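So the chains spell out like this:
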Amino acid sequence: MGILDEEAHGRVDLEVYTGSLGDAVNGIPSTLGSFRRRAGFIDEGAPKFQDTACRLIPFRRSAGDQLMIEMGEGYARFRSPDGAPVMDGGDPYEVVTAYPHTAVAGLGFDQSNDVLYLTHKSRTLAPQLLQRHGATDWSYGGLDTRNGPWRTENGDKALTIAASALTGTVTLIANFAAFTAEMVGEKIRLRLADGQPSCSSWTPATDYKANELVQSDGKLYVAPGSDKKSGTAAPIHDAGSVSDGAMFWTFLSDGAGVVQISAFTDATTVTAVVLNTLPGWVISSDRAKVTSPASVAFVASSRWAFGAFSERLGWPGHIALTDDDRVALSGSRSEPGVYHLTRVGGYGPDYLDFYPGQGSGRVLDDDAIRKPIRGGGDPIEWLAPAGPLMFGTTSRQGVIMASTLEDPLTPADNRARTVASGGGCSDVAPAIAHDGVLFAPRGGRGLSFIKATSEAGVQDADLALFVEDLVSERVAGIVWAANPDKVGWIWTQQGSLLAVTYQPKQNQFGWARQPLPGGFKVESAAVITDGDGRDVLWLAVIREKDGETQRRIWRQAARWRDGDGLDQIVYLDGCKFYTGAAVSTLDGLEHLAGETVRVFGNEGTLIFDAVVTGDGEISTPEGSTLTKACVGLRYLWMAESLPLDVGGPGETAGALQRVLKVTVYLADCVEAEVSFGDGPKETEGGKPWATNPVPVSQVFKCSVGGATGRDARWRVQTDDCWPVTLRAVRASVQTDD
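Residues numbered from 1 in each chain as written. Predicted model: local features only at pLDDT ≥ 70, side-chain atom pairs only at ≥ 80, totals over all residues. Heavy atoms only, no water.

1. Regarding the overall build of the protein chain
Reasoning step 1: Check the secondary structure of the protein chain and you find zero helices and 66 strands.
Reasoning step 2: For the protein chain, the proportion of its 737 residues judged to be buried stands at 54%.
Reasoning step 3: Within the structure as shown, the protein chain displays about 29800 Å² of accessible surface, and the carbon and sulfur contribution to it stands at 47%. (Helix = DSSP H or I, 4+ residues; strand = E, 2+ residues; numbered from the N terminus. Buried < 20%, exposed > 50% of the residue type's maximum accessible area, 1.4 Å probe, protein only. Areas by Shrake-Rupley, 256 points an atom, 1.4 Å probe, with all protein chains shown as cover.)

Below you can see the structure in the form of structure tokens.
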């Protein structure tokens, strides 16, 4: 039960018509057909700054260990699932970051244990990390990318680079215009032009000379010290010295070295620091290494590759941790359609490892992966680990997979399979839902779903097909709350909030508008799980009041269920709570000064409206006091029907209809207002000021006095502080020609 666009109001032949509404406001449509009022939002206070934007980012270590991060102008703050700020003494605990407020909306993120990896969709900011060491001990800093990733290795044998030595600070000399001043700080991978140096392979129980070079596992090792006989455990390590059971072997190189440019001389000459020893030693006839690596030049080679990311080339725009135990990055500004994946398990608290394989050319299944999507010119707009690694570009959506979805990704077996093309995606971060992806199409208007499974193949849906008017504003963000209602929350660039429930197995979905009271608009949203296992929507809201910008953090309350206590009824927005000794005044409402608020007091036995004073106070009616109170802004819940068509498809469309009676079935309700067109409104149910009212299931049978019209519609609504669920409506209509 959700909204159907006005353009389709005459399409009674549509399958979705029967279960749709002409308008649905501030409720959650159920795929079973009901329309329940959403719970209200609790005001958790103001963000750090009122004059600059903030972003809400979820921190999800596990189902029982989650926080909400408030990130704004150069800072990050933290809140527990119950809304309480993490404090350091008497002040909110805070971490200094390098992000200006203009950048926080574009952040992308994924998490591994206590580490939140951060990228930026502009591809102009280097990746960072935010790491928790303790409740009030967090660190923020740069993310180290090791052993790559690299751009495509040079394939022109005429273009070479040489180095003056194999270790230490070296001079790089190119035979072409390879360098610019902007390249200082960038890394280069160098391989020997003719493969590994000529030396023997390691064998067990063999006599080796001091300083002799051997090959083992595709790597080069040297035997320091005196002549010895080898043991039985072949060296396979890639750093330091390890014994083979009888003698030690020191790792030298895997056939490739890495340097980092430290100073620019001219287009063919730079100074660099060797990070991984360059290969290339002079071998004597008796197999001994006779020359120190530091004094041997790396001969000119055409096997070189520049790093994929830098200030000059740009930085990755998106990040995702995959089920294959890899971390995926999208390409830079210069290669926006390329994806990179770390080696298996190649990530830690402060690094990502993109080891591409040995310089000898030996590449293992666990090594890093680099590949362009359809040539690399189609920018990747998002990556999403929804079981398989999904991607969206400006022209298509798809999955990065091996030969089958069950097979692991390897350097030799990976491809970007297009599963939907022609529409493309916007750069709005998607939400993972039902092991698929909810995303905004290219242009940012609408909402689509895509999923890839080995059993069912590709499943996709245009969720905005019947609500194009509703989603006419460009989408700014999407989040998913799986429990208990399976709701996607969408906010637009104009600050509007929408909700869509979706069940792909039944191909059922329903939309509702979620206008906030008081002129508040949504600036950011996120979802974390509370202690009861409920996925909770948080909002960063903004409005202009009396010529000033006002920002608040709101957290959605739990919906009331039959059997809950009346103190758990929260159906006001931006609300505050009081529990304590009996009082006749409440304060702390300065942000609502001059506004009329609704007070749900003493578990529903004292309910009244009050105007907040300039000092942020309200007073109870004369002679009354409060020991418990929920104080907030009323918000309208409303469901309006489509034009009625009781005779079947096409039988009454456009005909004059006389409504004799509308019967409304409501659950968990105290009162509601039912009307038909411009006819009289009837209110049924217990009065909210009655002693100990309890929301109950009720049947409202409302005679509407013979209202007529060619666009006959019923409406049920309330803006009071009670729950309500619309279960069904039955209308008795007489149709005239």
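2. Some points on the pattern of salt bridges
Reasoning step 1: Going through the model one piece at a time under the given rule, you end up with 33 salt bridges.
Reasoning step 2: The closest approach of N and O atoms between R312 and E186, which form a salt bridge, is 2.8 Å. Of the two residues, R312 sits in the loop between β31 (304-306) and β32 (319-321) while E186 sits in the loop between β19 (169-174) and β20 (187-191), which places them 126 residues apart along the sequence.
Reasoning step 3: Judged by relative accessible area, R312 falls into the partly exposed class, the value being 33%.
Reasoning step 4: Given the relative accessible area of 6%, E186 is considered buried.
Reasoning step 5: What you see here is one network of salt bridges that share partners, running through R598, D609, R634, D719 and D720. (Salt bridge = Lys/Arg side-chain N within 4 Å of Asp/Glu carboxyl O.)

3. Let's talk about the packing of aromatic side chains
Reasoning step 1: This structure, assessed with the given rule, holds 16 aromatic pairs.
Reasoning step 2: Consider the rings of Y99 and Y140, whose centres lie 5.9 Å apart with planes at 70°: the pair is edge-to-face. Placement of the pair is Y99 in the loop between β12 (94-96) and β13 (107-112) and Y140 in strand β16 (residues 137-142), with a sequence separation of 41 residues.
Reasoning step 3: Residue Y99 is classed as buried on the basis of its relative accessible area of 4%.
Reasoning step 4: The positively charged end of R77 is found above the aromatic ring belonging to Y75, 5.8 Å away from the centroid. (Phe/Tyr/Trp six-rings, centres within 6.5 Å; stacked < 30°, edge-to-face > 60°. Lys NZ or Arg CZ within 6 Å of the ring centre and 35° of its normal.)

4. Digging into the sheet that holds strand β7 (residues 55-62)
Reasoning step 1: With antiparallel pairing, four strands are arranged side by side in an open sheet as β7-β8-β9-β12. Looking at the sheet topology across the chains shown, the edges are occupied by β7 and β12. Adjacent strand axes in the sheet meet at a mean angle of 25°, parallel and antiparallel pairs treated alike. (Pairing = 2+ DSSP bridges. Axes fitted to C-alpha atoms, helices over the stretch in contact; angles between N-to-C directions.)

5. Points about the side chain of S30
Reasoning step 1: Counting through the fold element by element, S30 comes out in the loop between β4 (27-29) and β5 (35-37).
Reasoning step 2: Its relative accessible area of 18% is what places S30 among the buried residues.
Reasoning step 3: From its side chain, S30 meets the backbone nitrogen of L32 in a polar contact 3.0 Å long. (Polar contact = N/O pair within 3.5 Å; in protein donor to acceptor, adjacent residues only side chain to side chain.)

6. A short note on the pairing of strand β65 (residues 714-718)
For a regular strand, the rule is simple: side chains alternate between the two faces of the sheet.
Reasoning step 1: A large share of β65 lies buried, amounting to four of its five residues.
Reasoning step 2: Sheet topology places strand β61 (residues 671-676) next to β65; four bridges connect them, and they run antiparallel. Residue pairing across strands places E673 opposite Q717, the latter belonging to β65.

7. A closer look at the nonpolar core
The tendency in soluble globular proteins is for nonpolar side chains to be buried side by side.
Reasoning step 1: Residues I478, W511, L666, W714, V716 and L726 are the most contacted members of the largest nonpolar core, which totals 40 residues.
Reasoning step 2: The element best represented in this core is strand β60 (residues 656-669), accounting for four residues. (Core = buried A, V, L, I, M, F, W, Y, C linked by side-chain atoms within 4.5 Å.)

8. With respect to the state of the cysteines
Reasoning step 1: Counting across every chain of the model gives zero disulfides.
Reasoning step 2: Counting only cysteine sulfurs, C630 is the nearest neighbor of C575, a cysteine outside any disulfide, at a range of 3.8 Å.
Reasoning step 3: A relative accessible area of 0% places C575 in the buried class.
Reasoning step 4: Owing to a relative accessible area of 4%, C630 belongs among the buried residues under this scheme. (Disulfide = S-S within 2.5 Å.)

9. Observations concerning the environment of K576
Reasoning step 1: You can see K576 is positioned in strand β53 (residues 573-583).
Reasoning step 2: Taking relative accessible area as the criterion, K576 reaches 24% and is therefore assigned partly exposed.
Reasoning step 3: Excluding its chain neighbours within four sequence positions, the residues that come into contact with K576 are D43, G45, R552, G588, L589, H591, A629, C630 and V631.
Reasoning step 4: For K576, the side chain forms a polar contact with the side chain of D43, separated by 3.3 Å. (Contact = heavy atoms within 4.5 Å.)

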